[in-house]
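Remarks on the overall topology
One-letter residues, chain by chain:
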Amino acid sequence: MTVSLRGTREVKENYQIFRLTGLLDAFSEPTLRKVIGEHIDEGPADVILVLSQIDFIDSSGLGALVQLVKKAQGCGGSLQIVTNPRVTQTVKLVRLEKFLSLQDTLEAAEESLKKPKK
């Protein structure tokens with residue numbers, strides 16, 4: 001069995017960055033939710049998911065992103081998603097682009113984290 005999703009984690013002063021590559025689908029979704037969820041619990045609760053190297057995302061992948069946003073918010077943080085055209089198109093199909101805080105670049109996501117929380 002091949003791993004459909006791979007990633008790295010980097011912890012900055014007050015946020016975490018996860019860079020993911022591969023497929024965000026029904027096979028990778030449970031692991032993604034568990035691993036990133038545990039890191040949100042440990043903190044910091046502000047998270048940037050870099051999905052610019054994601055080749056495919058399906059409804060279960062979108063569901064995992066929604067769950068992770070809710071988890072981060074529940075811990076007093078936020079979740080920013082650095083996207084690519086394929087991911088953006090999928091997210092917009094289900095009208096989640098506002099809820100999921102899509103960003104074009106890592107820099108934009110980092111800037112967004114610096115803004116005061118509403």
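Placed above this text is the structure.
In this report, we go over the structure that sits alongside the text. (Residues numbered from 1 in each chain as written. Predicted model: local features only at pLDDT ≥ 70, side-chain atom pairs only at ≥ 80, totals over all residues. Heavy atoms only, no water.)

Between helix α1 (residues 29-42) and helix α2 (residues 59-74), the least distance of the axes is 10 Å, while the angle of their chain directions is 10 degrees. One way to sum up the angle between α1 and α2 is to call them roughly parallel. The residues of α2 that touch α1, namely those facing Glu29, Leu32, Arg33, Ile36, Gly37, Ile40 and Asp41, are Ser60, Ala64, Gln67, Leu68, Lys71 and Ala72. Along the lines of polarity and charge, the residues of the contact of α1 with α2 split into 6 nonpolar, 3 polar and 4 charged. (Axes fitted to C-alpha atoms, helices over the stretch in contact; angles between N-to-C directions. Helix = DSSP H or I, 4+ residues; strand = E, 2+ residues; numbered from the N terminus. Parallel < 35°, antiparallel > 145°, perpendicular 65-115°, else oblique. Contact = heavy atoms within 4.5 Å. Nonpolar A, V, L, I, M, F, W, Y, C, P; charged D, E, K, R; others polar.)

Buried within helix α3 (residues 85-93) we find Val87, Thr88, Thr90 and Val91. All buried residues of α3 project into a common sector of 165 degrees when viewed along the axis, lining one side. Exposed residues lying more than 90 degrees from the buried face of α3 are Pro85, Gln89 and Leu93. Buried residues belonging to α3 abut β3 (47-57), α2 and β5 (102-103). With a side-chain oxygen positioned 3.1 Å from the backbone nitrogen of arginine 86, the residue opening α3 is asparagine 84. In the stretch just after α3, arginine 95 is the one whose phi turns positive, near 55 degrees. (Buried < 20%, exposed > 50% of the residue type's maximum accessible area, 1.4 Å probe, protein only. Arc of directions from axis to C-beta. Polar contact = N/O pair within 3.5 Å; in protein donor to acceptor, adjacent residues only side chain to side chain.)

Now for the environment of glycine 77. Among the secondary structure elements, glycine 77 is positioned in the loop between α2 and β4 (79-82). Given the relative accessible area of 7%, glycine 77 is considered buried.

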